[in-house]
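One-letter residues, chain by chain:
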Amino acid sequence: MSDAVGPGDLVLCVNAAPNHATGHPVPLVAGETYRVYGVYEFACPCGRGDALLDINVDFAWCQTRFRLLPKPKTEPVIRRVSAPKEKETVE
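This is a predicted model, so every value here is computed, not measured.

Overview of the pairing of strand S1 (residues 10-13)
Move 1: Judged by which residues are buried, S1 turns out to be one-sided: Val11 and Cys13 face inward and are buried, whereas Leu10 and Leu12, on the alternate face, are not.
Move 2: In the sheet, S1 pairs with strand S2 (residues 33-35) via three bridges, with the strands oriented antiparallel. Residue pairing across strands places Val11 opposite Tyr34, the latter belonging to S2.
Move 3: Both S1 and strand S6 (residues 66-68) contribute to a ladder of three bridges, which runs antiparallel. Across the sheet, the residue bridging to Val11 is Leu68, located in S6.

Concerning the side chain of Arg65
Move 1: Tracing the backbone shows Arg65 in the loop between strand S5 (61-62) and S6.
Move 2: Despite its burial, Arg65 remains without a salt bridge, the nearest opposite charge being carried by Asp58 at 10 Å.

Regarding the nonpolar core
Move 1: Core analysis: the biggest nonpolar cluster contains 13 residues, and Val11, Leu28, Tyr34, Ile55 and Phe66 have the highest contact counts within it.
Move 2: Beyond its immediate stretch of four places on either side in the chain, Leu28 contacts Cys13, Ala16, Tyr34, Ile55, Val57, Trp61, Arg65 and Phe66.

Considering the packing of aromatic side chains
Move 1: Overall, the coordinates contain two aromatic pairs when judged by the stated rule.
Move 2: Ring geometry for Tyr34 and Phe66: centres 6.3 Å apart, planes at 80°, overall edge-to-face. Taken together, the residues span a long stretch of sequence, with Tyr34 in strand S2 and Phe66 in strand S6 at a distance of 32 residues. Neither Tyr34 nor Phe66 differs from the other in exposure class; each is buried.
Move 3: Relative to Phe42, the ring of Tyr40 has its centre 6.4 Å away and its plane inclined at 35°; by these criteria the two rings are tilted.
Move 4: The exposure class of Tyr40 is partly exposed, given its relative accessible area of 32%.

How each quantity is defined
- Residues numbered from 1 in each chain as written.
- Predicted model: local features only at pLDDT ≥ 70, side-chain atom pairs only at ≥ 80, totals over all residues.
- Heavy atoms only, no water.
- Buried < 20%, exposed > 50% of the residue type's maximum accessible area, 1.4 Å probe, protein only.
- Helix = DSSP H or I, 4+ residues; strand = E, 2+ residues; numbered from the N terminus.
- Pairing = 2+ DSSP bridges.
- Lys, Arg positive; Asp, Glu negative; His and termini not counted.
- Salt bridge = Lys/Arg side-chain N within 4 Å of Asp/Glu carboxyl O.
- Core = buried A, V, L, I, M, F, W, Y, C linked by side-chain atoms within 4.5 Å.
- Contact = heavy atoms within 4.5 Å.
- Phe/Tyr/Trp six-rings, centres within 6.5 Å; stacked < 30°, edge-to-face > 60°.

Right, here's the structure in full:
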């Protein structure tokens, strides 16, 4: 996943389990989306991920805690707006 993730991408937290090295609770919330600010291309100490993601919460987190969300469509959608017809008043 590290080659697909880059700064500015949105990721979904799927694992808010306690820190696997220390056992301390983590400030992440499962089901929340986070913006990636940086990708550190070296292996996580747990051995499960090949990169750490900086999401501006504490320090960097193992990429296995997140899933990459699809990029939003950038094409504008043209919508038709119907205006009410004006009526003349007869005196």
